[in-house]
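# Fold and contact review
Chain residues, written in single-letter form:
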Amino acid sequence: MTKKTKRKHGLLVVVSGPSGVGKSTVVRRLLKLNKELRLSVSATTRPPRPGETHGEHYYFITQAEFDKKVKKHEFLEWAKVHGYYYGTLVDELKDQLAKGKVLVCEVDVQGAAALKQLVESGKMSAAAVFIFLIPPSVDILAFRLKKRKTEEEEVVNYRLRAAIAELQVMEKYDYIVVNDKVESAAEKIKAIINVEKERTLLN
Ligand code: 5GP
């Protein structure tokens, strides 16, 4: 492109997919591959897993704090996922998108549907791309969920059933990326972002 162009609005990159597909690992790799990307850190009532830190992986808050944020309309969307509450904070997105940044948001399928509605209705002024991450097979997904070892077997089976149901919505997404290897899935998403950045460049 020879003409100097300036982005009017940011680009929201929504990465979704079933539980255990490896969304957060792929997203973290993607952020290392492209330092320009910003991550939207969600709030959750789930307790931290070993190695997770407040403000980096999530804002770990109490149910009362979460309810207060819902009342004060501090979430763009929020959902109950596997017994805990998760929400995308308006503050995480608003300023970054207004500055024309590319913001990555990792949410479950309910969150992706809510964000899509906000973008399509014009309530959210940003270009957006919806990416669905799938496992190479259901067997591999089951293996990954079990390997995580942070949950009881009953929870793993429940999550697996939920994940299979979640796979049914994939045609609603703009892109489907197979998470065969973290590196290649992250590279594929990086390439999609480059294409979308060009396509949605507004001037
Ligand atoms: P985990 O507890 O394994 O980190 O996440 C459980 C699920 O919640 C994942 O599918 C993850 O993508 C989703 N999730 C994380 N943050 C948000 C959010 O802000 N909103 C919604 N709707 N889902 C989220």
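This report concerns the structure included in the present document. Since we're looking at a predicted model, the values are computed, not measured. (Residues numbered from 1 in each chain as written. Predicted model: local features only at pLDDT ≥ 70, side-chain atom pairs only at ≥ 80, totals over all residues. Heavy atoms only, no water.)

## Remarks on the site of the ligand
This is how the line gets drawn: We call a residue near a molecule or strand when any one of its heavy atoms sits within 4 Å of it. In protein, a polar contact requires one atom able to donate a hydrogen and another able to accept it; more generally it is a pair of N or O atoms within 3.5 Å, and residues adjacent in sequence count only if both atoms are side-chain atoms. Areas reported as accessible are Shrake-Rupley estimates using a 1.4 Å probe. Residue values count occlusion only from the protein chains shown. Only DSSP runs of H or I with at least four residues qualify as helices, and only runs of E with at least two residues qualify as strands; both kinds are numbered from the N terminus onward. Polar here means any residue outside two lists: the nonpolar Ala, Val, Leu, Ile, Met, Phe, Trp, Tyr, Cys and Pro, and the charged Asp, Glu, Lys and Arg; Gly therefore counts as polar.
Lining the immediate environment of the ligand, one finds 16 residues, of which Ser42, Arg46, Tyr58, Glu77 and Tyr86 sit closest. Between the ligand and Lys23 there is a distance of 2.9 Å, counted from an oxygen atom to a side-chain nitrogen or oxygen. The contact in question runs from an oxygen atom of the ligand to an N or O atom on the side chain of Ser42, over 2.6 Å. Alone, the ligand offers 510 Å² of accessible surface; in the complex the protein occludes 95% of this. Of all the secondary structure elements, the ones that give two or more residues to the shell around the ligand are strand E5 (75-81) and strand E6 (84-89). Classifying every residue of the shell around the ligand by side-chain character gives 5 nonpolar, 4 polar and 7 charged.

## Side note on the pairing of strand E7 (residues 102-106)
Where we set the bar: Think of it in three bands: residues with accessible area under 20% of the maximum for their type are buried, residues over 50% are exposed, and the middle band is partly exposed, with areas taken using a 1.4 Å probe on protein chains only. Two strands qualify as a pair provided DSSP detects at least 2 bridges between them.
With 4 of its 5 residues buried, E7 lies for the most part within the structure. Sheet topology note: the strand E1 (residues 11-16)/E7 ladder contains 5 bridges and is parallel. Within E7, the residue paired with Leu11 across the bridge is Val102. Of the strand pairs in this sheet, strand E2 (residues 38-39) and E7 are connected by 2 bridges, and their pairing is parallel.

## A few points about the pairing of E5
Pairing of E5 with E6 involves 6 bridges; the strand directions are antiparallel. Within the sheet, the bridge partner assigned to Trp78 lies in E6 and is Gly87. Connecting E5 to the antiparallel partner E6 that follows it, the hairpin turn spans 2 residues, and His82 within it adopts a positive phi of roughly 50°.

## Overview of the packing of aromatic side chains
To keep it simple, the criterion reads: To pair, rings of Phe, Tyr and Trp, with the six-membered ring standing in for Trp, must have centres within 6.5 Å; the planes then decide the type, stacked if under 30 degrees apart, edge-to-face if over 60, and tilted in the middle.
Under the definition given, this model contains 7 aromatic pairs. Residues Tyr58 and Phe60 carry aromatic rings whose centres are separated by 5.7 Å and whose planes lie at 65° to one another, so their mutual orientation is edge-to-face. Judged by relative accessible area, which is 16%, Tyr58 ranks as buried. Within the aromatic cluster, the residues linked to one another by ring pairs are Phe66, Phe75, Trp78 and Tyr85.

## A short note on the pattern of salt bridges
Here is the rule: Definition used for salt bridges: Asp or Glu carboxyl oxygen within 4 Å of a side-chain nitrogen of Lys or Arg.
Counted under the stated rule, the structure contains 7 salt bridges. Residues Glu183 and Arg29 are paired through a salt bridge, measuring 2.5 Å at the closest nitrogen-oxygen approach. Taken as a pair, Glu183 in helix H7 (residues 182-199) and Arg29 in helix H1 (residues 23-33) lie far apart in primary sequence, 154 residues in all. The exposure class assigned to Glu183 is partly exposed, which follows from its relative accessible area of 36%. Owing to a relative accessible area of 28%, Arg29 belongs among the partly exposed residues under this scheme. Connected via shared salt-bridge partners are Lys69, Lys72 and Glu74.

On their own, these measurements won't tell you what the molecule is for.
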